[in-house]
Amino acid sequence: MLNEVFKQYKSGTDIRGIAVEGVEGQHVNLTDDVIRKMADGFVLWLSKKVGKTADELNISVGRDSRISGPHIMELTTERFKAAGAQVLCCGLASTPSMFMTTVDLGCDGALQITASHHPFNRNGLKFFTREGGLEGSDIEAILEYAQNGEAPEEKSGGSITACDYMEDYAKGLCEKIKKEVNAEDYEHPLKGFHIVVDAGNGAGGFYADKVLAALGADTSGSRYLDPDGMFPNHVPNPEDAAAMASICEAVKKNSADLGVIFDTDVDRGGAVDSKGNEINRNRLVAVAAAIALEGNDGGTVVTDSITSSGLKEFIEKNLGGKHYRYRRGYKNVIDKALELNAEGINCPLAIETSGHAAMRENYFLDDGAYLCTKIIIKAAQLRKQGKDLSDLTADLKEPLESVEVRFQITEKDFRACGERIIEELTAYAEAQPGWQLADDNREGVRVSFDKDNGDGWFLLRLSVHDPIMPLNIESDSEGGADIIYKKLYEFLQGTKGLKL
């Protein structure tokens with residue numbers, strides 16, 4: 001059982017904390033001592049997982065661009081070496097590439113030092129084995145070792161070797177594009193394409209030079225490719241409005257054919273078509289589904305819970321697939337897709353509206369660069385047919401209004417409070433005329449309304465990690481979201497434990 005000190009570091013399937021000072025009221029809790037203990041805990045956990053002694057382990061370590069990364073890398077690699085392990089120090093790297101070291105380089109485990117899109121002062125530890133990212137229970141086990149001060153016996157013979165695996169990773173993406181586009185100029189399949197990249201000063205700058213330009217694309221007008229852990233231009237996050245406005249502007253300003261954007265550690269991606277339309281959230285899911293369902297007729301696409309009604313219709317009616325709405329959390333949708341495939345259900349894609357997309361053909365690894373590579377391949381294939389990416393989702397119906405409200409839970413046991421509210425709202429919805437509870441919802445409460453009562457739906461759920469209840473509302477009519485909100489507010493104002 002984790003105590004209150006070590007419980008604070010667990011963030012779903014990652015470890016996260018405050019690594020440097022610089023934000024008022026936020027003080028460092030990822031101290032050197034704590035990081036060393038976490039590294040020791042991973043060695044103990046990994047030894048047990050793969051059935052090897054610590055001095056038989058091969059472990060790779062990478063980091064994103066945040067300012068605390070080099071120091072944390074030094075601390076962790078030294079602890080792995082002290083246990084006798086052979087360590088590959090990969091330097092600046094994407095999170096997906098670190099998983100791929102377990103595939104291509106045979107590493108027993110991998111560590112990526114990242115806190116995704118979070119502010120500069122935060123950082124964290126994300127672990128992989130050949131089976132993929134760790135589960136929440138695995139993170140708890142590692143933290144329990146750290147909490148108890150358990151460490152592997154120190155042994156000589158460990159080593160730290162520099163390794164530029166990102167070079168090989170980029171070449172792998174290049175080979176995929178060459179093969180699947182199969183252009184007349186095989187070595188330069190993107191010749192004639194103008195593609196701009198916005199890396200947000202994260203780890204994704206490599207994509208412009210080592211992938212796109214290497215294949216003949218014009219990448220002029222690309223933005224923020226240089227790593228800068230202070231993120232001076234915008235938050236590296238495809239869900240952030242300012243970030244998406246940046247890549248949209250870059251596409252329009254340069255009359256580009258396509259724009260791609262990554263989060264800090266490149267496990268998420270988004271895109272913009274030649275008309276300046278965002279390929280993000282529901283539209284990104286639609287594009288990825290159209291690509292993944294090719295050759296997988298009738299296949300199932302697993303998404304998170306907040307996807308639109310229009311997306312479900314697009315997947316099932318236009319693409320001939322099946323839509324399986326599941327819970328928020330990229331690991332949740334990936335695990336559900338793995339489970340469905342194990343049951344014999346053809347499921348080629350797991351994707352969250354945040355931009356986490358994992359394809360079966362790519363180890364169900366959420367990889368923003370791989371997703372954008374697949375989108376670029378499709379764009380090249382469509383060009384041969386005289387078409388554009390926008391043609392792929394021309395039939396996708398998108399809501400006229402879309403709103404998200406995040407209610408703070410005021411009770412200490414926020415999970416119990418949230419679950420109680422969901423239970424009460426379910427009973428309330430069942431008794432209301434015109435409220436249609438979704439029969440395919442697996443998280444929170446999702447209710448639909450006809451044209452006379454808001455022409456849309458709401459979903460109230462409990463946040464995966466935080467004392468928050470997010471409310472999503474979509475409507476196909478002007479003013480519909482407000483109508484739906486007012487209906488729900490009649491219930492909310494009688495509840496306890498929410499700050500409205």
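Look up: the structure comes first, before these words.
Conventions and cut-offs
- Residues numbered from 1 in each chain as written.
- Predicted model: local features only at pLDDT ≥ 70, side-chain atom pairs only at ≥ 80, totals over all residues.
- Heavy atoms only, no water.
- Helix = DSSP H or I, 4+ residues; strand = E, 2+ residues; numbered from the N terminus.
- Expected span 1.5 Å × (residues − 1).
- Buried < 20%, exposed > 50% of the residue type's maximum accessible area, 1.4 Å probe, protein only.
- Contact = heavy atoms within 4.5 Å.
- Arc of directions from axis to C-beta.
- Pairing = 2+ DSSP bridges.
- Axes fitted to C-alpha atoms, helices over the stretch in contact; angles between N-to-C directions.
- Salt bridge = Lys/Arg side-chain N within 4 Å of Asp/Glu carboxyl O.

Draft legend 1. A look at helix α6 (residues 165-181). With 17 residues, α6 should reach 24 Å at 1.5 Å per residue; the first-to-last C-alpha distance of 25 Å fits that figure. Among the residues of α6, those classed as buried are Tyr 165, Met 166, Tyr 169, Ala 170, Leu 173, Cys 174, Ile 177, Lys 178 and Val 181. Looking at the buried positions of α6, the neighbouring elements they touch are β4 (86-92), α4 (95-104), α7 (206-212) and α12 (368-384). Positive phi appears at Asn 182, one or two residues downstream of α6, with a value of about 50°.

Draft legend 2. A look at helix α14 (residues 414-430). End to end, α14 covers 24 Å across 17 residues, agreeing with the expected 24 Å (1.5 Å per residue, within 8%). Residues Phe 414, Cys 417, Gly 418, Ile 421, Ile 422, Leu 425 and Ala 429 constitute the buried set of α14. The buried residues of α14 occupy an angular sector of 135° when projected down its axis, which confines them to one face. Summarising the geometry of α14, the exposed residues directed more than 90 degrees from the buried face are Glu 423 and Glu 430.

Draft legend 3. Focus on the environment of Ile 376. Residue placement: Ile 376 occurs in helix α12. A relative accessible area of 1% means that Ile 376 is categorised as buried. Considering only alpha carbons, one finds Ile 376 and Ala 271, 105 residues apart in sequence, at a separation of 9.6 Å. With sequence-adjacent residues up to four places away left out, Ile 376 is seen in contact with Leu 190, Ile 195, Tyr 207, Leu 212, Leu 258 and Val 260.

Draft legend 4. Molecular detail of the sheet that holds strand β18 (residues 401-409). Pairing is antiparallel across the open sheet formed by six strands, whose spatial order is β19-β20-β21-β22-β18-β23. Either end of the sheet is taken by a strand with one partner, and the two such strands are β19 (436-437) and β23 (498-499). One ladder, built from two bridges, connects β19 with strand β20 (residues 445-449); its direction is antiparallel. Looking at β20, one finds that Leu 437 is bridged to Val 447. Across the sheet, helix α15 (residues 480-492) lies against β18, β20, β21 (456-460), β22 (468-475) and β23, angled at about 145° from β22, the strand it touches most.

Draft legend 5. Just the environment of Phe 120, in detail. Among the structural elements, Phe 120 can be located in the loop between β5 (109-113) and β6 (122-129). Taking the C-alpha atoms as reference points, Phe 120 and Val 23, separated by 97 residues in sequence, lie 9.1 Å from one another. In contact with Phe 120, not counting residues within four places along its chain, are Val 20, Glu 21, Gly 22, Val 23, Arg 66, Ile 67, Gly 229, Met 230 and Phe 231.

Draft legend 6. Up close: the pairing of strand β9 (residues 195-198). Residues Ile 195 and Val 197 point to one face of β9 and Val 196 and Asp 198 to the other, with burial holding for every one of them. Sheet topology note: the β9/strand β10 (residues 258-262) ladder contains four bridges and is parallel. Bridge assignment links Ile 195 to a residue of β10, and that residue is Leu 258.

Draft legend 7. Up close: the pairing of β20. Summarising burial for β20: four of the five residues are buried, a large majority. Pairing between β20 and β21: five bridges, direction antiparallel. Looking across to β21, one finds that Val 445 is bridged to Leu 460. In sequence, β20 turns back onto β21 through a hairpin of six residues, with Gly 454 there showing a positive phi of about 120°.

Draft legend 8. Structural context of the pattern of salt bridges. Under the criterion given, the structure shown has 38 salt bridges. A salt bridge links Lys 331 to Glu 135; the shortest N-O distance between them is 2.8 Å. You can see Lys 331 sitting in helix α11 (residues 330-342) and its partner Glu 135 sitting in the loop between β7 (132-133) and α5 (136-147), a full 196 residues away along the chain. You can call Glu 135 partly exposed: its relative accessible area is 30%. Among the salt bridges present, the one from Glu 167 reaches Lys 210, with a minimum N-O distance of 3.1 Å. In this pair, Glu 167 sits in helix α6 while Lys 210 sits in helix α7, placing the two residues 43 residues apart along the sequence. Assessed through its relative accessible area of 29%, Glu 167 is described here as partly exposed. Residues joined in a network through salt bridges with shared partners are Lys 176, Glu 180, Glu 361 and Lys 374.

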